Amino acid sequence: MSSRLEGKVLVAQGGGPTAVINQSIVGVTLEARKFTQVTAVYGAVHGVRGILNEDFLDLTRETTHNLERVADTPSSALLSTRDKPDEDYCARMFKVMRKHDIRYFFYVGGNDSADTVRIINQQAKSSSYEFRAIHIPKTVDNDLAVNDHCPGYGSAARFVAQAFMGLNLDNRALPGVLIGVVMGRHAGFLTAAGALARKYVEDGPHLIYLPERTFVREQFLADVDRVQRDYGRCVVAVSEGVQDASGVPVILSLRDRSEQDAHGNVQLSGTGLLGDLLADLVRDNLKIKRVRADTFGYLQRSFMGVASDRDAHEARELGEIAVQYAMWDNVDGSMVIRRPVLNYSVTYGLVPLAEVAGKTRTMPDDFINPESNGVTDLFHHYCRPLVGSRFPEPHRLRAPHVPKIEET
């Protein structure tokens, strides 16, 4: 039975963009516009900062046709923010929302965004203000608790896999050592997706290093040397957040200079430093002349034209069902995706915000090989459905070699 709580809907996006995050806000907008108790649907420009600034778009007046086009466009249509609100920040946001008669709040983001929703929801309850707040998950890192996987990951994983397909083909044509650095501060899901690039036994990435395992430079050099001797070349996938035995990011242990972001974290993305340092390590110790490094950086988040259709569909449904929970069931919480069977179906649910807020999920042990330099078949079975249909496949020439002609 509908709650009949009348007022406006507010939707916002926070954190890093993804290829399918707009599917969720369009899902929220179109579904909310069906309910008669909704007096308007607003979108906050630049996330929580836009709420403080009362910078709203009236999505009630956006055409369905254009919303559908925006849904298929990568990155955050409402623009985003890295602001991490505390109690005071949230109190000021709540004051603005109350002034505008916002009764439903949907925030698309990661674990910090879930925590923001939790704080605002508590403030509404303590003020006896009738209010429904739901967090809608998104992250290319795939590191939200409770969820089997997160919207945004499948598309970014597809990009990473296809990028390594291209790097492997390039490296096969002109052999040497090629290192690809992929996003992932604490969770290696995105880097691990590079394994989907392999078709033939000798294809790369031959080695995959994840932040869930200690990075030992001596073992890294031994691995590269072995692969180089076996195949005459070596392609490496490495997470930007790999750490040494002391828990120090390798980017720091190899070199003291580093940048920090707005939250005081070591700057890992948007710099090619780790790739360059690892390339120098290989070049100096293994005496291999052709060593190159590519840092994927922000390309993997919003690259046009590589969205996974499955990822897009799930992101849309999460937005729609979030509205249904708020309108029909009159509840708050964090939306989650569950996969009851490995091959392949999903269900959607709502869990208490505290189960997701501020928590980080990492790669399960059985997804990582015993040598800590690759992934298992179980990860392949987990990841392959998420990158969607029409996944490309490289091919090789099969024509026989022409025999040499002996001189007479």
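For the structure, see preceding data.
Along each chain, the written sequence defines residue order, and numbers are assigned to residues from 1. For a predicted model such as this one, the threshold for reporting local features is a pLDDT of at least 70, and the threshold for listing and counting side-chain atom pairs is 80 or more; totals across whole chains, interfaces and linings nevertheless cover every residue. Side-chain metrics in this entry use all non-hydrogen atoms of the structure; hydrogen atoms and water are not considered.

Participant: Any details on the nonpolar core? Residues and values, ideally.
Facilitator: Here, nonpolar core means buried Ala, Val, Leu, Ile, Met, Phe, Trp, Tyr and Cys residues that are tied together by side-chain atoms lying within 4.5 Å of each other. Only protein chains enter the calculation, and the probe is 1.4 Å; a residue is then buried if its accessible area is under 20% of its type maximum, exposed if over 50%, and partly exposed in between. Judged by nonpolar contacts, the single largest core of 38 residues is most densely connected at Tyr153, Phe164, Leu190, Met363 and Phe379. Looking at this core, the elements that each hand over two or more residues are α6 (153–173), β6 (177–182), α7 (189–192), β8 (234–239) and α13 (377–383). Excluding residues that lie within four positions of it along the chain, Phe164 makes contacts with Gly180, Val182, Gly194, Ala197, Pro205, Val235, Val236, Ala237 and Phe296. If you look at the next biggest cluster of nonpolar residues, it comprises 30 residues, including Phe35, Ile136, Ala322 and Met335. Each helix corresponds to a stretch of at least 4 residues labelled H or I by DSSP, and each strand to a stretch of at least 2 residues labelled E; elements are numbered beginning at the N terminus. Here a residue-residue contact requires only that any non-hydrogen atoms of the pair lie within 4.5 Å.

Participant: So what's going on with the packing of helix α1 (residues 21–32) against helix α3 (residues 64–71)? Residues and values would help.
Facilitator: Where α1 contacts α3, the axes come no closer than 8 Å and their chain directions differ by 155°. One finds that α1 runs roughly antiparallel with respect to α3. Taking contact as the criterion, the partners of Asn22, Gln23, Val26, Thr29 and Leu30 in α1 are, on α3, Thr64, Leu67, Glu68, Val70 and Ala71. Across the contact of α1 with α3, the residue classes break down as five nonpolar, four polar and one charged. Between N-to-C directions, angles span 0 to 180 degrees; the directions come from axes that are lines fitted to C-alpha atoms, helices contributing only their stretch in contact. These descriptions rest on fixed angle ranges, namely under 35 degrees for roughly parallel, over 145 for roughly antiparallel, 65 to 115 for roughly perpendicular, and the rest for oblique. Three categories are distinguished: nonpolar for Ala, Val, Leu, Ile, Met, Phe, Trp, Tyr, Cys and Pro, charged for Asp, Glu, Lys and Arg, and polar for the others, with Gly belonging to the last.

Participant: Mind laying out the side chain of Asp148, listing which residues take part and the relevant values?
Facilitator: Position of Asp148 relative to the elements: it lies in the loop between β5 (132–137) and α6. Under this definition, polar contacts are N or O atom pairs within 3.5 Å; protein pairs additionally need one hydrogen-donor-capable and one acceptor-capable atom, and for neighbouring residues in sequence, both atoms have to be side-chain atoms. Engagement of the side chain of Asp148 in a polar contact is seen with the side chain of His149, the distance being 2.6 Å. Leaving out residues up to four positions away in the same chain, Asp148 has contacts with Asn142, Ile337, Arg338, Arg339, Arg361 and Tyr382.

Participant: Now, about helix α4 (residues 87–99): what can you tell me, with residues and values included?
Facilitator: Along its 13 residues, α4 runs 18 Å from first to last C-alpha, staying within 8% of the 18 Å computed at 1.5 Å per residue. Taken as a whole, α4 has its buried residues at Tyr89, Cys90, Met93, Phe94, Val96 and Met97. One side of α4 holds all its buried residues, which, seen down the axis, span an arc of 160°. Across α4 from its buried face, at more than 90 degrees, point the exposed residues Lys95 and Lys99. Packed against the buried residues of α4 are β1 (7–13), α2 (47–52), β3 (56–58), β4 (102–109) and α5 (111–126). Put simply, Asp86 is the residue that caps the front of α4, since its side-chain oxygen is 3.3 Å from the backbone nitrogen of Asp88. With its phi angle positive at about 60°, Asp101 sits one or two positions after the end of α4. The span you would expect from a helix comes to 1.5 Å times its residue count less one. Directions from the helix axis toward the C-beta atoms define the arc.

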